[in-house]
Amino acid sequence: MLENKEYKRQGKEARKRWKEERRELERALEALQQPLKEAGIPVMLVFEGWSAAGKGAVIARTIARLDPRNYQVLTFGQATDEERRRPMLWPFWKGLPAKGQLAVLERSWFGRALERMEETPADTAQLVEEINTFERQLCDDGYLILKFFLHIGQDEQRRRLEKLAGDDDTAWRVTDRDWRQNRDYVRRKEKLDLLLQATNTPHAPWHVVWNEEKGSGAVSVLRIVKEAIADALDHGVAKPAPAEPQTWPLVSMPRLDQVDLSPGLSEDDYNEALKKEKKHLAKLHSRLYREKVPVVIGFEGWDAAGKGGAIRRLSWALDPRGFDVVPIAAPTKDELDRHYLWRFWRQLPKDGHIVLFDRTWYGRVMVERLEGLTPEARWSMAYDEINEFERSLVRWGAVVLKFWLHIDPDEQLRRFQDRENTPEKRYKITDEDWRNREKWPDYEVAVDEMLQKTSTEYAPWVIVEGNDKKYARLKVLRTVRKALEERLDR
């Protein structure tokens, strides 16, 4: 894609034509803002390219006449310390635009993948898969992704770097990294070309823009952006072709009606075992921090199944400076305006820290499915999307644990009545809880399908027999402790 070009400068007349066309395109793009907002199409404009290729100038021309309330420019240089402590795609998920908004990215996940490839070349195939998965998930959700690579030759790059370095006002912009890139231009171009080809897909293609002559690159970009947005408004965002069914390393799970809910514990046995598990977990938490191992734990289950109690007992064993509890309620407007995984990606912990999700991304295939909040075409995709999400976390180095707290309908009814009859617990019971109880058979079908399709070897489900709260709480602590020991020993 980065083939050598024999470029002949077009001269003064061509620059004059480009200037006129650029102004027309800027006005046309300005006119598309309101229709884009009304259609609720989120747009991501990605700008990559050689150092000194003119990314800043082209971005400035692209957004020159746009309302700044409708876009955000995000700059991603080398990863910060904060970003290095999270998955590679974390800052880009955080920066997702809302429906009808634009995000303009100066450098992106493409540049970060190049950094990782230089550090660990063996991970190249995995990085390509992560990028293509990320872009496919966004396009499936209605995002329009336009990717531009600004291309210049080695001699032109050297000339521009020398000019910048020779001016006191711009010398700070030229780094040793830029000079190394120019010296190593040929080898670098080969790497760039391979990654461009590997991440060039029909739904998120690369547009290589030759930008050696002032004005030409901005016109090319504006033309592509204007045409792509107009086409999306007329025909909708082009969706990726249906993918081949993915094969996941699944762990066999029982149906919920096959789970024995009789196990229980005496008060004495529970208290003694709880004390031991808390001590073990406290020591393991210190090791997690030292060895920078992240942990993501999700809790799902029936209403009144004991998620809150299990989370509290687990938190008692942890250093409060090293974990967060994230309660997940009905999505806010900001969350509804973005991909459903956005609110979970942005809550991921730093390495060495733990996050406990009180309800999780699995709402997509339970509540959203059964309440008709999401079309079947989208929630049925979520099984693969969730397996991909959890695979990304494990590849990053995280321990991923998922608990389904299970009780039977009679036990749920008893707990509901207890909450209603106890003043300090009454806030826990709502009309929605009673309404959901009436849909128990439908939820059971959805949960069984979820367990069968998303219990992978790297992120298996753990069904917790919850009719006895003491037994359930201790099982959660023991499962977490064993998983952390196994990960740290490995």
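Residues numbered from 1 in each chain as written. Predicted model: local features only at pLDDT ≥ 70, side-chain atom pairs only at ≥ 80, totals over all residues. Heavy atoms only, no water.

Draft legend 1. Representation of the overall build of the protein within the structure. For the protein, the helix and strand inventory stands at 21 helices and ten strands. Expressed along its principal axes, the backbone C-alpha trace of the protein runs to roughly 90 × 45 × 40 Å. For the protein, contacts bridging at least 24 residues in sequence account for 83% of all contacts bridging at least 6. Carbon and sulfur atoms form 47% of the exposed surface of the protein, whose accessible area is close to 23,800 Å². Taking the 86 positively charged and 85 negatively charged side chains of the protein as two groups, their mean positions are separated by 4 Å. (Helix = DSSP H or I, 4+ residues; strand = E, 2+ residues; numbered from the N terminus. Contact = heavy atoms within 4.5 Å. Areas by Shrake-Rupley, 256 points an atom, 1.4 Å probe, with all protein chains shown as cover. Lys, Arg positive; Asp, Glu negative; His and termini not counted. Charge placed at Lys NZ, Arg CZ, Asp CG, Glu CD.)

Draft legend 2. A look at the nonpolar core. One finds I297 and F403 to be the most contacted residues of the largest nonpolar core, which totals 139 residues. Sorting elements by how many residues they give to this core places helix α21 (residues 469-489) first, with eight residues. If near-sequence neighbours (up to four positions away) are discounted, I297 is found in contact with L314, I354, V355, L356, F357, L401, F403 and V480. (Core = buried A, V, L, I, M, F, W, Y, C linked by side-chain atoms within 4.5 Å. Buried < 20%, exposed > 50% of the residue type's maximum accessible area, 1.4 Å probe, protein only.)

Draft legend 3. Representation of the UniProt feature "domain: Polyphosphate kinase-2-related" (unreviewed entry) in the protein within the structure. The positions that UniProt labels "domain: Polyphosphate kinase-2-related" (unreviewed entry) are, in the present scheme, residues 15-231 and 265-487. The distance from the first to the last C-alpha atom of residues 15-231 is 28 Å, and the span holds 55% helix and 14% strand. Span residues 265-487 is 54% helix and 13% strand, its end C-alpha atoms 28 Å apart. (UniProt positions renumbered as here; feature names shortened; annotations may be inferred.)

Draft legend 4. Geometry of a positive patch on the surface. Taken together, K19, R23, R27, R61, K163 and K214 make up a surface patch of like positive charges. The element that contributes the greatest number of residues to the positive patch is helix α1 (residues 12-39), accounting for three residues. On the secondary structure map, K19 appears in helix α1. (Patch = residues over 30% accessible without salt bridge, like charges linked within 9 Å, V, L, I, M, F, W, Y side chains within 5 Å. Salt bridge = Lys/Arg side-chain N within 4 Å of Asp/Glu carboxyl O.)

Draft legend 5. Summary view of the sheet that holds strand β7 (residues 323-327). Spatially, the five strands line up as an open sheet ordered β7-β8-β6-β9-β10, and their pairing is parallel. Single-partner strands in this sheet number two, and they are β7 and β10 (461-465). Taken over all neighbouring pairs, the strand axes of this sheet differ in orientation by 20 degrees on average, direction set aside. As judged from the five bridges shared by strand β6 (residues 295-301) and strand β8 (residues 354-358), these two strands associate in the parallel manner. Paired with G298 across the two strands is F357, which belongs to β8. Here helix α20 (residues 440-454) sits on the sheet and contacts β9 (399-406) and β10; the angle it forms with β10, its principal contact strand, is near 140 degrees. (Pairing = 2+ DSSP bridges. Axes fitted to C-alpha atoms, helices over the stretch in contact; angles between N-to-C directions.)

Draft legend 6. Summary view of the sheet that holds strand β4 (residues 144-151). Strand order in this open sheet of five strands is β2-β3-β1-β4-β5, and the pairing throughout is parallel. Each edge of the sheet is formed by a strand with only one pairing partner; in this case those strands are β2 (71-75) and β5 (206-210). Each strand axis lies, on average, 20 degrees off the axis of its neighbour in the sheet, ignoring direction. Here strand β1 (residues 43-49) runs beside β4; their pairing, made up of seven bridges, is parallel. Paired with V46 across the two strands is K147, which belongs to β4.

Draft legend 7. Structural detail: the packing of helix α11 (residues 267-291) against α21. At their nearest, the axes of α11 and α21 sit 9 Å apart, and the two run at 30 degrees to each other. In this view, α11 runs roughly parallel relative to α21, as classed from their interaxial angle. The handedness of the crossing between α11 and α21 is left-handed. Facing α11, whose interface residues are E267, Y270, A273, L274, E277, K278, H280, L281, L284, R287, L288 and E291, α21 presents K470, R473, L474, L477, R478, V480, R481, L484, E485, L488 and D489. (Parallel < 35°, antiparallel > 145°, perpendicular 65-115°, else oblique. Left-handed = near helix turned anticlockwise from the far one by under 90°.)

Draft legend 8. A look at α1. For α1, built from 28 residues, the straight-helix expectation of 40 Å at 1.5 Å per residue is met to within 8% by its first-to-last C-alpha distance of 40 Å. A bend of about 30 degrees at Q33 is the largest found in α1, and the proline P35 appears one to four places after it. For α1, the set of buried residues is A14, W18, R22, L25, E26, L29, L32, Q33 and L36. As for α1, its buried residues are in contact with β1, α2 (55-62), β3 (102-106) and α10 (216-235). (Expected span 1.5 Å × (residues − 1). Bend = angle between axes of the 7 residues up to and from the residue.)

Draft legend 9. Local environment of the packing of aromatic side chains. Summed over the entire model, instances satisfying the criterion amount to 20 aromatic pairs. Taking 5.5 Å as the distance between ring centres and 80 degrees as the angle between the ring planes, the aromatic pair formed by F344 and W361 counts as edge-to-face. Residue F344 is found in helix α14 (residues 342-345), and its partner W361 is found in the loop between β8 and α15 (367-370); the two are separated by 17 residues along the sequence. Neither residue differs from the other here; F344 and W361 are each classed as buried. Chaining the aromatic ring pairs together yields one cluster made of F76, F92, W93, W109, F134, F344, W345, F357, W361, Y362, F389 and W461. Positioned above the aromatic ring of W90 is the side chain of R86, whose terminal nitrogen or guanidinium carbon lies 4.4 Å from the ring centre. The positively charged end of R346 is found above the aromatic ring belonging to W342, 4.2 Å away from the centroid. (Phe/Tyr/Trp six-rings, centres within 6.5 Å; stacked < 30°, edge-to-face > 60°. Lys NZ or Arg CZ within 6 Å of the ring centre and 35° of its normal.)

Draft legend 10. Structural context of the packing of α2 against α10. Between α2 and α10, the least distance of the axes is 9 Å, while the angle of their chain directions is 45 degrees. When the axis of α2 is compared with that of α10, the two are oblique. By crossing handedness, the relation of α2 to α10 is classed as right-handed. Only G217, A218, V221 and L222 of α10 make contact with α2, whose side of the interface consists of V58, R61 and T62. Here the residues of the contact of α2 with α10 sort into four nonpolar, two polar and one charged. (Nonpolar A, V, L, I, M, F, W, Y, C, P; charged D, E, K, R; others polar.)

Draft legend 11. Focus on the pattern of salt bridges. Using the criterion set out here, one finds 47 salt bridges in the structure. Across the salt bridge formed by R85 and D351, the nearest N and O atoms sit 2.6 Å from each other. Within this pair, whereas R85 is found in the loop between α3 (81-84) and α4 (90-94), its partner D351 is found in the loop between α14 and β8, the two being separated by 266 residues in sequence. Given the relative accessible area of 11%, D351 is considered buried. One salt-bridge network, held together by shared partners, links E129, E130, R391 and R395.

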